[in-house]
Amino acid sequence: MVPRSVLRVGATLGEGPVWARDALWFVDIKQHQVHRFDPATGAHERWTAPDQVGWVLPSAHGDLIAGVKTGLHRFDPATGTFTPLHAPEPHLPGNRLNDAAIDARGRLWFGSMDDDEVAATGRLYRHAGEDCADSGLAPVVITNGPAISADATALYHTDTLGKTIWRVPLRDDGTSGTPERHVTIEEGAGYPDGSTLDAEDCLWVGLFAGWGVRRYDPAGKLMTTVRFPCANVTKIAFGGEGLRTAYATTARKGLDAAALADQPLAGDLFAFEPGVAGVTTVEATL
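Below: a short report on this structure. Note that the structure is a prediction, hence the values are computed from the model and not measured.

The rules behind the values
Residues numbered from 1 in each chain as written. Predicted model: local features only at pLDDT ≥ 70, side-chain atom pairs only at ≥ 80, totals over all residues. Heavy atoms only, no water. Helix = DSSP H or I, 4+ residues; strand = E, 2+ residues; numbered from the N terminus. Rg over C-alpha atoms; globule rule 2.2 N^0.38 Å. Buried < 20%, exposed > 50% of the residue type's maximum accessible area, 1.4 Å probe, protein only. Pairing = 2+ DSSP bridges. Axes fitted to C-alpha atoms, helices over the stretch in contact; angles between N-to-C directions.

1. Structural notes on the overall build of the protein
- When helices and strands are counted, the protein shows one helix and 24 strands.
- A globule of 286 residues ought to have a C-alpha radius of gyration of about 19 Å, and the protein, at 17 Å, matches this closely.
- Taken over the C-alpha atoms alone, the protein extends approximately 45 × 45 × 40 Å along its principal axes.
- The 286 residues of the protein split such that 58% are buried.

2. What to know about the sheet that holds strand β14 (residues 143–148)
- Reading across the sheet, the four strands line up as β14-β15-β16-β17 and stay open at both edges, with antiparallel pairing between neighbours. Two strands bound the open sheet, and with one partner strand each, they are β14 and β17 (180–184). Averaged over neighbouring strand pairs, the angle between their axes works out to 25° when direction is ignored.
- Two strands pair when backbone bridges link them, and strand β16 (residues 164–169) and β17 are joined in this way by four bridges, in the antiparallel orientation. Each residue of the ladder has a partner; that of R167, found in β17, is E180.

3. Let's talk about the sheet that holds strand β23 (residues 245–250)
- What the four strands build is an open sheet, ordered β1-β24-β23-β22; its pairing is antiparallel. Single-partner strands in this sheet number two, and they are β1 (4–7) and β22 (233–239). Direction aside, the axes of adjacent strands within the sheet are offset by 35° on average.
- Strand direction decides the pairing type here: β22 and β23, joined by six bridges, are antiparallel. In the sheet register, A237 faces β23, and the bridge partner there is Y247.

4. Thoughts on the pairing of strand β15 (residues 154–159)
- Among the six residues of β15, six are classified as buried, and the element is accordingly described as predominantly covered.
- The alternating pattern of β15 places A154, Y156 and T158 and L155, H157 and D159 on opposite faces, both of which are buried.
- Between β14 and the antiparallel strand that follows it, β15, lie five residues; A152 among them carries a positive phi value of about 60°.
- Both β15 and β16 contribute to a ladder of six bridges, which runs antiparallel. In the strand pairing of β16, L155 is matched with V168.

5. A closer look at the pairing of strand β21 (residues 222–227)
- Here five bridges tie strand β20 (residues 212–216) to β21, and the two strands are oriented antiparallel to one another. Considered in β21, the bridge of G212 is made with R227.
- Following β20, the chain reverses through five residues before pairing antiparallel with β21; G220 in that reversal takes a positive phi of roughly 90°.

See below:
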């Protein structure tokens, strides 16, 4: 499992990779850009969002749902237009949306964070149909993940600065049970960033300032570490034929000139062979 750079983008804060409609989609949050990469042809497209954009995910309506700083937007790649759908936190102008996932029922789970990375104002939300609700989980500075089991009975919710990933039981109606500590990242190993589950229900976690990606078994035991040639690995997504290639976004954010000279591939899109398949991304119902 040796990562290789497959697209030189030099992203300030590459994030949100997802395999949808036969291509890899990801964003550069700080550059307000949405990217589409087709590894079969090498084709690369990009669009400019109206503000910081944390992710795009497929919608059952045929377009994409984007998590822009101010809220959910409908994004049409054919025209490049972003149409506002819902603003969950108009009273928190210092917050932005950060990461998201769709469960097996098509419900969208997305988190917010303090853009200054200081105040514990980040919350996790659930959007189903026309209804958007606070998950009820305790607020943190930076929400991350989330990742949801294939049967939609468990949610993995990350408190990045707290270096903790929580496993949260989910009921059929989307309400949550009592969170249990699933993984704690030890000192010196970086911060848990985006996460995703594979076909064996194991959790893959990007490590910001940790030089790699880790895989944890369903009990939270460390199984594998994939070392990267750059410090800030933000998230992986499974794509390609049979969803058997792992794609990883990385970031240049926080690296000074000396670090960037030592990490010339920082901010690029990487790929490696994980030895396991991923799970097909469900389309959001909204």
